[in-house]
Amino acid sequence: AFVASHDVDAPDAFNDGAWGDPGAMAMADMEKGEGVRGTYFITTDYVVGYYNEETVLELCDRGMCPAGGHSVQHLYWADMPLGTCQEVRANYNPATPTVCGEVRVNLETLRATVPASTTLVSWRTPYLDVNGHQYDVLAAHGVRYDSSLGVGDVRTNFPFHMSVFPWLQEELFHGHDMFEFPVVLEDGIGWYADGKEQRLELTDRSWPVFRGLWRRTLLENAANGAVTTLLVHPSQGVGPDAGTENVHNKIAAVQWAIQQAKKSNMRVIQMTELGDFWRARRQVRMEAKWVPGAGYEGKITVGSLPAPGLSFAFSDHIKSFECSGGGAVAIAEGRVAFKDTLAAGFSCAFTAKVQ
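Residues numbered from 1 in each chain as written. Predicted model: local features only at pLDDT ≥ 70, side-chain atom pairs only at ≥ 80, totals over all residues. Heavy atoms only, no water.

Undergrad: Could you give an account of the packing of helix α2 (residues 23–33) against helix α3 (residues 53–61), with specific residues and numbers?
TA: At a minimum axis distance of 9 Å, the contact between α2 and α3 shows a crossing angle of 5°. Here α3 runs roughly parallel to α2, going by the angle between their axes. Across the interface between the two elements, A24, M25 and A28 of α2 pack against T55, E58 and L59 of α3. Of the residues belonging to the contact of α2 with α3, the class tally is four nonpolar, one polar and one charged. (Axes fitted to C-alpha atoms, helices over the stretch in contact; angles between N-to-C directions. Helix = DSSP H or I, 4+ residues; strand = E, 2+ residues; numbered from the N terminus. Parallel < 35°, antiparallel > 145°, perpendicular 65-115°, else oblique. Contact = heavy atoms within 4.5 Å. Nonpolar A, V, L, I, M, F, W, Y, C, P; charged D, E, K, R; others polar.)

Okay, structure coming up:
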């Protein structure tokens, strides 16, 4: 799977100007033209004043809702105090930012903007700079899917459930019922030199470097069935080459990545949709036993959520598979995939004959 995600956290992402339409809307128009949905994380900065509710509504009109939260102000988080968790827009003082305030007020603002049918359950922290309190706060405010860490932080590119991830429990995850989507590719490459933070921004000049990195990662992940989460800001970025035209350079780069993912038979999917799949899959229970001379027999039980795209992999090549009421399946060597969504609470006895 391939997730195209975007942090909307700059004036040119929210508003029109010398670069043309707001960068977020231009990115969404491209993705809609490609027949895919991007995942947009929204900063609601009313302090500097570039936040634009109309841009968020336009994203929803283009089918890109639900949006995800990205804080009130685009600040570093690691040393930010927790706060009282009573913060609301009316009493929050952004001059003394807190984790609770940046989460609560951001989500409050977004929920007052997006259509009532939209459920805000996703989050990304600015700069991927996480705080030891943040997952407690996010979980308490209905966030189920986070993407605030990179593959270098967790050494995996697969979404994982925080309660069972063996590392960073005491520091960050605290056993929460949340999925993490590590960022695999970005529109910037950072490093330290002489004690100073450096960054190579995706621009027309640097595109060959990024294209080579992106292509290799996409091909490798497509080959092993892994998930690629791409982060590209729909804004100019920083550095001497990041002029007004760079918004369009980034949109073209994302379009290239989407087309490459399609060519590699990767499903281009919104993060929330993929998260819902993983959450439902985690609730499915399968009991199986080997019957000599016959194959496998067992039982499949779906949890409280409908299970779309459910599949199982067996260690043998499967010749036929039967599961009463489960509908048609696709069989490829040892993998069996249900073509229809299995309803919540569905249960069946199955048989899988081997070749």
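Having seen the structure, we can now continue with the description.
Undergrad: Break down the state of the cysteines for me, with residues and values.
TA: On inspection of all chains with the given rule, the structure shows three disulfides. Residue pairing for C60: its cysteine sulfur links by disulfide to C65, the two sulfurs lying 1.7 Å apart. Residue C65 is classed as buried on the basis of its relative accessible area, which comes to 14%. (Disulfide = S-S within 2.5 Å. Buried < 20%, exposed > 50% of the residue type's maximum accessible area, 1.4 Å probe, protein only.)

Undergrad: Explain the packing of helix α8 (residues 207–224) against helix α9 (residues 246–263) to me, and be specific about the residues and the numbers.
TA: Across the interface, α8 lies against α9 with an axial gap of 11 Å and an inter-helix angle of 25°. In terms of their interaxial angle, α8 and α9 are classed as roughly parallel. Crossing geometry of α8 relative to α9 is assigned as right-handed. For the pair α8 and α9, the contacting residues are W207, R211, W214, R215 and L218 in the first and A253, V254, W256, A257 and Q260 in the second. Grouping the amino acids of the contact of α8 with α9 by side-chain chemistry returns seven nonpolar, one polar and two charged. (Left-handed = near helix turned anticlockwise from the far one by under 90°.)

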